[in-house]
Amino acid sequence: HAMVNFVYSKNDEKSKSLHSELLKAYYPSKIIRLLEVNENKAQIEKLGYDSKTFPAAFVCFGTMCMPPAFNSEKLLGILTKQ
């Protein structure tokens, strides 16, 4: 399965757009964990992500994690290659 940590800001248009693409992207057994930069700041930093860099989708397949995707092309590229 794919685990996606999605770092976003609720009032950010780019975040809304990338979240929508993430939801539409077909991948069986995809788990999305939403991490809002203000509400989940401590959790974001604990995971080693930068809360100032958003939107960002961090996709992991088991223990293998891909570089962050900052746009839908990169995100879809990661999900369709697996």
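Look a little higher up for the structure.
What this report covers is the structure whose coordinates are included nearby. (Residues numbered from 1 in each chain as written. Predicted model: local features only at pLDDT ≥ 70, side-chain atom pairs only at ≥ 80, totals over all residues. Heavy atoms only, no water.)

### Quick look at the overall build of the protein
In plain terms, the rule: We count a stretch as a helix when DSSP gives it H or I for four or more residues in a row; a strand needs E for two or more, and each element gets its number in order from the N terminus. C-alpha atoms define the radius of gyration, and 2.2 Å times the number of residues to the power 0.38 defines the globule rule. Working definition: with a 1.4 Å probe on protein chains only, accessible area under 20% of the residue-type maximum means buried, over 50% means exposed, and in between means partly exposed. When checking whether two residues touch, look at their non-hydrogen atoms; a contact exists if any pair is within 4.5 Å. Surface exposure here means Shrake-Rupley accessible area, sampled with a 1.4 Å probe, where a residue is shielded only by the protein chains that are shown.
A tally of helices and strands in the protein yields three helices and four strands. Helices and strands appear in the protein in the N-to-C order β-α-β-α-β-β-α. What you see for the protein is a C-alpha radius of gyration of 12 Å, in line with the 12 Å of a compact globule of 82 residues. Judged by the C-alpha coordinates and their principal axes, the protein covers about 30 × 25 × 20 Å. Buried positions account for 39% of the 82 residues belonging to the protein. Considering only contacts in the protein between residues 6 or more positions apart, those separated by 24 or more positions represent 60%. Only carbon and sulfur atoms are counted for the fraction: they give 54% of the accessible area of the protein, which is about 5,000 Å².

### As for the sheet that holds strand β1 (residues 2–8)
The test is simple: Strands qualify as paired when DSSP identifies two bridges or more between them. Angles here are taken between N-to-C directions and fall from 0 to 180 degrees, while the axes themselves are lines fitted to C-alpha atoms, restricted in helices to the stretch in contact.
Pairing is mixed across the open sheet formed by four strands, whose spatial order is β2-β1-β3-β4. Whereas interior strands pair on both sides, the edge strands pair on one side only; in this sheet they are β2 (30–36) and β4 (64–65). As paired elements, β1 and strand β3 (residues 56–61) share six bridges and run antiparallel to each other. Across the sheet, the residue bridging to Ala2 is Phe61, located in β3. Here helix α1 (residues 13–24) sits on the sheet and contacts β1, β2 and β3; the angle it forms with β1, its principal contact strand, is near 165 degrees. Contacts between helix α3 (residues 72–81) and the sheet are confined to β1 and β3, with β3 contributing the most and set at about 10 degrees to the helix.

### Quick notes on α3
Quick note on the threshold: Directions drawn from the helix axis to the C-beta atoms are what define this arc. Any pair of nitrogen or oxygen atoms within 3.5 Å is treated as a polar contact; in protein, a donor-acceptor pairing is required on top of that, and neighbouring residues in sequence qualify only through side-chain atoms on both sides.
Every buried residue of α3 is accounted for by Ser72, Leu75, Ile78 and Leu79. Seen from one end, α3 has its buried residues packed into an arc of 130 degrees, which puts them on one side. Exposed and facing more than 90 degrees away from the buried side of α3 are Glu73, Thr80 and Lys81. Buried positions along α3 lie against β1, α1 and β3. By the N-cap criterion, in which a side-chain oxygen at the helix start approaches the backbone nitrogen of a residue two or three places on, α3 is capped by Asn71, the distance to Glu73 being 3.2 Å.

### Some thoughts on the pairing of β2
The criterion, for reference: The path from the first strand over the helix to the second decides the hand: if it runs clockwise while the strands point away from the viewer, the crossover is right-handed.
Both β1 and β2 contribute to a ladder of seven bridges, which runs parallel. Within the sheet, the bridge partner assigned to Asn5 lies in β2 and is Arg33. Assessed by its sense of winding, the connection that carries the chain from β1 through α1 to β2 is right-handed.

### A closer look at the side chain of Ser9
Secondary-structure assignment places Ser9 in the loop between β1 and α1. Aside from chain neighbours lying at most four places away, what touches Ser9 is Ser15, Glu36, Val37 and Phe54.

Keep in mind these values describe shape, not function.
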